[in-house]
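# Remarks on the overall topology
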Amino acid sequence: MEDERRDFITNLPQDILKRIISLLPLVEAVRSSAISTAWRRLWIPVLLTCHEGYQLKEIICMLSNSYDNHRIWKLCLSYQDMEAIVLAAKGVEQELYLQFSKREENAMDFHLKLKPPCPAVQAQAASFSTLKMLHLRSVNSLGKDLISALFSSSMFLEILELENCTGLQSLDIEANDHLQTLKLMKCPDMSNITVSARNLRSFLYQGVLPQVHLKNAIELVEVTLDLRNGFCSSEFECEEVISFLNSIKEIKILTISSWLLESLCSGGVIFSRLEFRFNKLKELSWMGSGMNKTKRDSLACFLNICSSLEKLLIKIDPDLNSIPCPYFHQYWHEPHLWMDDATVNSNTSQLQHLKIVEFLGYKSEEDQFLLLLFLLDKATMLKSITLTSPENHSWEFAKIPQRRPKQTWNPTNQPPRNAVLSLIKAFFLELFGEVNVLFCPEKAGICT
């Protein structure tokens, strides 16, 4: 009995324990430090110092090397009278995490320029690291030399992520041919992003609206513009936003904040009059803090240039900030958000390929319901609409062939439903003659 209670794994030598956790992805392996003191000792960092960049080359080499097990270091970067602490974790799958300490004395505005090495250096391929994923968190002005040198040495880098970089005002990236994913999250001072990466496939951004220039991104497939923090203190420029949208017109997946479309339309932009279309766009995710007429009409206006759209996701999140529309001195085309619903409907093209609509955060408000009616009218090939309430209750609506027997509502063992459900069902019955209304407990999270 005593042997059965013994923890034989924890009592193994540290070298074997390190080898065991190296079989796990780095993020999951780090969680082993919560098991016991013995496992926590595996994650005691090795202390390294770098005085005014003198040991920078050695640190870059150490971070770039390949290892048989996960490694962790604590770097002390000092420059004049300032010091930055960096926690570095390197995984066996060629991923590197750098977490910079947050200190008020280091919170200065800075610019980050990341470029590949010159062609003469590139010829020495053996000197480059095989690093594939680089995750940077809370980078400050003292760390930009380390990041620039590390990026230049990573010829085969595929994923680059920056998060919570306070003070970072501009980012200029000239990438290698391997970079496929760029993710920028919660950088509150960002005002300018310039990226040249011809094999970039995914660009994800969350923060304030900056000036964005994506150059040579001919392979771009997915773009996320989560602009929940509004726009910078500078004046909102329709021309800059339109130019950016034009540069990504070949993408297939787009996530966009509702206030951006609303602001463009408030500035008189009529998307159907622009010189470009999102002809390849298959999936559109629209996110906002609520739904009103101007948001609804601006979405309808944008859908005019999304002729191939197959899936539309609408997400209402009351926790998001409500961003007021900026003031415009002149209109781009002409004001049009004053139009009545019938005019908006008649000015919107048919969505001939739209098959799936998902509405998250549905609260049965009038503007939300009117949007559903609009989509039902325009989406001739629509197969289903799924509504999910803030309480995570889901209903799915789908047209069924007229030749099938009529299905009736079965209230047995169903939870209480919003009164608007009856209204929607009645509308569907009047429109199609038959409707299949399903309550989805597995989506509501109440399955046993």
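Residues numbered from 1 in each chain as written. Predicted model: local features only at pLDDT ≥ 70, side-chain atom pairs only at ≥ 80, totals over all residues. Heavy atoms only, no water.

Let us look at the overall build of the chain. The helix and strand inventory of the chain stands at 14 helices and 20 strands. For the chain, contacts bridging at least 24 residues in sequence account for 64% of all contacts bridging at least 6. Of the accessible surface of the chain, which amounts to about 23,000 Å², a share of 50% is contributed by carbon and sulfur atoms. (Helix = DSSP H or I, 4+ residues; strand = E, 2+ residues; numbered from the N terminus. Contact = heavy atoms within 4.5 Å. Areas by Shrake-Rupley, 256 points an atom, 1.4 Å probe, with all protein chains shown as cover.)

A few words now on the packing of helix 10 (residues 293-303) against helix 12 (residues 366-378). Between helix 10 and helix 12, the shortest axis-to-axis distance is 9 Å and the interhelical angle comes to 20°. As judged from the angle between their axes, helix 10 and helix 12 are roughly parallel. Helix 10 and helix 12 meet at a crossing whose hand is right-handed. In this structure, helix 10 contributes Lys 293, Arg 296, Leu 299, Ala 300 and Leu 303 to the contact, and helix 12 contributes Asp 367, Leu 370, Leu 371, Phe 374 and Leu 375. Looking at the contact of helix 10 with helix 12 residue by residue, the class counts come to 7 nonpolar, no polar and 3 charged. (Axes fitted to C-alpha atoms, helices over the stretch in contact; angles between N-to-C directions. Parallel < 35°, antiparallel > 145°, perpendicular 65-115°, else oblique. Left-handed = near helix turned anticlockwise from the far one by under 90°. Nonpolar A, V, L, I, M, F, W, Y, C, P; charged D, E, K, R; others polar.)

For the rest of this paragraph, the subject is the packing of helix 5 (residues 56-64) against helix 7 (residues 144-152). Between helix 5 and helix 7, the shortest axis-to-axis distance is 10 Å and the interhelical angle comes to 55°. In this view, helix 5 runs oblique relative to helix 7, as classed from their interaxial angle. As helix 5 packs across helix 7, the resulting crossing turns out to be right-handed. Contact residues: helix 5 offers Leu 56, Ile 59, Ile 60, Leu 63 and Ser 64, while helix 7 offers Asp 145, Leu 146, Ala 149 and Leu 150.

Adjacent strands of a sheet pair through backbone hydrogen bonds, lying either parallel or antiparallel. Strand order in the open sheet formed by 4 strands is 5-8-10-12, and the pairing between neighbours is parallel. In this open sheet, the two edge strands, each paired with only one partner strand, are strand 5 (110-114) and strand 12 (211-215). With direction set aside, neighbouring strand axes in the sheet form an average angle of 5°. Bridge analysis of strand 5 against strand 8 (residues 168-174) gives 5 bridges, and the strand direction is parallel. Paired with Leu 112 across the strands is Leu 171, a residue of strand 8. (Pairing = 2+ DSSP bridges.)

The subject of this paragraph is the nonpolar core. Counting residues in each nonpolar core, the largest one holds 114 residues, and the members touching the most others are Leu 160, Phe 203 and Phe 271. In terms of residue count, helix 12 provides more of this core than any other element does, 6 residues in total. When residues no more than four places from it in sequence are discounted, the contact partners of Phe 271 are Leu 245, Leu 261, Leu 264, Cys 265, Arg 277, Ser 298, Cys 301, Phe 302 and Ile 305. (Core = buried A, V, L, I, M, F, W, Y, C linked by side-chain atoms within 4.5 Å. Buried < 20%, exposed > 50% of the residue type's maximum accessible area, 1.4 Å probe, protein only.)

Another point: a negative patch on the surface. A cluster of acidic residues, Glu 235, Glu 237, Glu 239 and Glu 240, forms a negative patch at the surface. By secondary structure assignment, the location of Glu 235 is in the loop between strand 13 (222-226) and helix 8 (238-247). (Patch = residues over 30% accessible without salt bridge, like charges linked within 9 Å, V, L, I, M, F, W, Y side chains within 5 Å. Salt bridge = Lys/Arg side-chain N within 4 Å of Asp/Glu carboxyl O. Lys, Arg positive; Asp, Glu negative; His and termini not counted. Charge placed at Lys NZ, Arg CZ, Asp CG, Glu CD.)

This part takes up the environment of Val 195. Tracing the sequence through the fold places Val 195 in strand 10 (residues 192-196). The class for Val 195 is buried, based on a relative accessible area of 1%. Linking Val 195 and Val 212, residues 17 residues apart in sequence, is a C-alpha distance of 8.1 Å.

Evaluation of the coordinates by the stated rule reveals 13 salt bridges. Residue Lys 293 pairs with Asp 297 through a salt bridge whose shortest N-O separation is 2.7 Å. Placement of both Lys 293 and Asp 297 in helix 10 is noted, with a separation of 4 residues, approximately one turn of the helix. Shared partners join several salt bridges into a network, and the residues in it are Lys 293, Arg 296, Asp 297, Asp 341 and Asp 367.

Right, let's talk about the side chain of Ser 170 for a bit. When you line up the elements, Ser 170 lands in strand 8. Side chain to side chain, Ser 170 and His 111 meet in a polar contact 2.6 Å long. Ignoring sequence-local partners within four residues, the contact set of Ser 170 consists of Phe 110, His 111, Leu 112, Met 190 and Asn 192. (Polar contact = N/O pair within 3.5 Å; in protein donor to acceptor, adjacent residues only side chain to side chain.)

Moving on to the pairing of strand 12. Here strand 12 shows one buried face, formed by Val 212 and Leu 214, and one open face, formed by Gln 211, His 213 and Lys 215. The pairing of strand 10 with strand 12 spans 5 bridges and is parallel. Bridge pairing links Thr 194 to His 213 in strand 12.

Now for the confidence of the model for the chain. Note: predicted coordinates in regions of low pLDDT should not be interpreted at a detailed level. For the chain, mean pLDDT is 81; residues scoring 70 or higher make up 79% of the total. In the predicted structure, residues 123-127 sits below a pLDDT of 50 and forms 0 contacts with residues beyond four places in sequence or in another chain. (pLDDT = per-residue confidence, 0-100.)

Inspection of every chain in the model, using the stated rule, returns 2 cavities of 30 Å³ or more. Taken as a whole, the largest cavity holds about 100 Å³ of empty space. Secondary structure elements with two or more residues in the lining of the largest cavity: helix 9 (258-266) and strand 15 (283-288). Residue composition of the lining of the largest cavity, by class: 5 nonpolar, 6 polar and 2 charged. (1 Å grid on protein atoms, 1.4 Å probe; cavity = no way out; pocket = protein on both sides within 12 Å on 5 of 7 lines; lining within 4 Å. Points joined across faces, edges and corners; volume = space filled by probe spheres on them.)

Here we take up the packing of aromatic side chains. The full count for this structure, using the stated rule, is 8 aromatic pairs. An angle of 65° between the planes, with centres 6.2 Å apart, marks the rings of Phe 236 and Trp 259 as edge-to-face. Here the residue Phe 236 occupies a position in the loop between strand 13 and helix 8, and Trp 259 occupies one in helix 9, the gap between them amounting to 23 residues. Residue classification places Phe 236 among the buried positions, given a relative accessible area of 6%. When the centroid spacing of 6.1 Å and the interplanar angle of 70° are considered together, the rings of Phe 276 and Phe 278 count as edge-to-face. Note on accessibility: Phe 276 and Phe 278 belong to one class, buried. Linked through ring pairs, Phe 231, Phe 236, Trp 259 and Phe 328 together constitute an aromatic cluster. (Phe/Tyr/Trp six-rings, centres within 6.5 Å; stacked < 30°, edge-to-face > 60°.)

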